[in-house]
Structure formats: C-alpha cells, structure tokens
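Chain and residue survey
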Amino acid sequence: QVQLVESGGGLVQPGGSLRLSCAASGFTLSSYTMNWYRQAPGKTRELVALITSAGGSTNYADSVKGRFTISRDNTKNTVYLQMNSLKPEDTAVYYCNADYKRGFTTRTYWGQGTQVTVSS
C-alpha cells in the first residue's frame, strides 16, 4: 500500500525551529521529485520546497528561502523539511507530495498533512 506519512508538526514560538519528516512506504522515494506544500486557512495550497530525484537539486519559495531546507535520505525512504526562524505567517498545514513523470507515465501521492502553528 502506497503511503506518505508526515510528522514533526506542532506549536512553536516565532523564531523557533521545527523539522518535518515524510516517510514513504509502498514505493521507492528516490525515483520521485519530492515536494513540500502548505495551506493556510482561507488560502490556496502553495509549493514551499522541492528536491529532485536525480542529483537532488532543490528549489524554494521566496518566502522561505534562507530559512527552510529540504533534504532526502533515500536509504530511509524519507524526506525532511528543516524550518528555522519561523514566523507566524508560516502557520499552515504542511503536506508532503511525491511526483513521478517519465514519458507518458505519471504518478503523484500525497500525505495527510501535519499542522504547524507559529505563535507566542
């Protein structure tokens, strides 16, 4: 059974840090581009960070550049999002996404989301 399970969310004060994890099962994560999205109340889901399957290139939304770091451990079939210097506007549900495209073959999987709340 294909699954993505996020963990590591919670309540943190402004300026604090959290590390989100996304563990994959039922497929090999290394073949997929891995993405972290977030969705705040009343807003559309936005892409926060991605890491490619080959080479592990990364890219970030301007709002999190320099504060967030995405990484992957293919031996553990897990991707991470290290979030530092958190701001109240980072409050959202964070979703892990696995994306696979090869020719006409596409697959995408989503996790259930983990809540991150930044508040004093």
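All values reported here derive from a predicted model rather than from experimental measurement.

Regarding the state of the cysteines
Note: disulfide means a covalent bond formed between the sulfur atoms of two cysteine side chains. Under the counting rule described, the total for this entry stands at 1 disulfide. What pairs with C22 in a disulfide is C96, and their sulfur atoms sit 2.0 Å apart. Between C22 and C96, the S-S torsion sits near -80 degrees, and that sign places the bridge as left-handed. Highlighted residues: C22 in strand β3 (residues 18-25) and C96 in strand β9 (residues 92-102), separated in sequence by 74 residues. Across the pair, C96 and C22 agree in class, each one buried.

Considerations on unusual backbone geometry
Negative phi characterises most residues that are not glycine, and trans characterises most peptide bonds. In the Ramachandran plot, N77 falls in the positive-phi region, its phi being about 55 degrees despite a non-glycine side chain. Residue class for N77 comes out buried when judged on its relative accessible area of 15%. A positive phi is found at S85, a non-glycine position, where the angle reads about 50 degrees. Inspection of the secondary structure puts S85 in the loop between β8 (78-83) and β9.

Examining the sheet that holds strand β1 (residues 3-7)
The strand order across the open sheet built from 4 strands is β1-β3-β8-β7, with neighbouring strands paired in antiparallel fashion. Strands at the two margins of the open sheet, each flanked by one partner only, are β1 and β7 (68-73). The sheet shows a mean angle of 15 degrees between the axes of neighbouring strands, direction not considered. Pairing analysis gives 5 bridges linking β1 to β3, with the strands arranged antiparallel. In the strand pairing of β3, S7 is matched with S21.

A word on the pattern of salt bridges
Per the counting criterion, the structure on display carries 5 salt bridges. We note a salt bridge from R38 to D90, for which the minimum N-O separation is 2.9 Å. Highlighted residues: R38 in strand β4 (residues 33-39) and D90 in the loop between β8 and β9, separated in sequence by 52 residues. Each member of the pair, R38 as well as D90, is classed as buried. Put simply, K65 and D62 hold a salt bridge, and the shortest N to O gap is 3.2 Å. Judged by its relative accessible area of 47%, K65 is partly exposed.

With respect to the packing of aromatic side chains
The geometry of two aromatic rings is summed up by the distance between their centres and the angle between their planes. Applying the stated criterion to the full structure yields 5 aromatic pairs. With a centroid separation of 5.2 Å and an interplanar angle of 45 degrees, the aromatic rings of Y32 and Y100 are classed as tilted. With Y32 in the loop between β3 and β4 and Y100 in strand β9, this pair connects stretches of sequence that are 68 residues apart. Look at Y100 and you get buried, because its relative accessible area is 15%. Ring centres 5.9 Å apart and planes at 35 degrees place the aromatic pair Y32 and Y109 in the tilted group. In this pair, Y32 is assigned in the loop between β3 and β4 and Y109 in strand β10 (residues 105-110), connecting sequence segments 77 residues apart. We classify Y32 as buried; its relative accessible area is 4%. Every member of this aromatic cluster is reached through a ring pair, and the members are F27, Y32, Y100 and Y109. Here R45 stacks its cationic end above the ring of W110, 4.8 Å away from the centre of that ring. The aromatic ring of Y100 is capped on one face by R107, whose charged end is 4.7 Å from the ring centroid.

Parameters at a glance
Residues numbered from 1 in each chain as written. Predicted model: local features only at pLDDT ≥ 70, side-chain atom pairs only at ≥ 80, totals over all residues. Heavy atoms only, no water. Disulfide = S-S within 2.5 Å. Helix = DSSP H or I, 4+ residues; strand = E, 2+ residues; numbered from the N terminus. Buried < 20%, exposed > 50% of the residue type's maximum accessible area, 1.4 Å probe, protein only. Pairing = 2+ DSSP bridges. Axes fitted to C-alpha atoms, helices over the stretch in contact; angles between N-to-C directions. Salt bridge = Lys/Arg side-chain N within 4 Å of Asp/Glu carboxyl O. Phe/Tyr/Trp six-rings, centres within 6.5 Å; stacked < 30°, edge-to-face > 60°. Lys NZ or Arg CZ within 6 Å of the ring centre and 35° of its normal.

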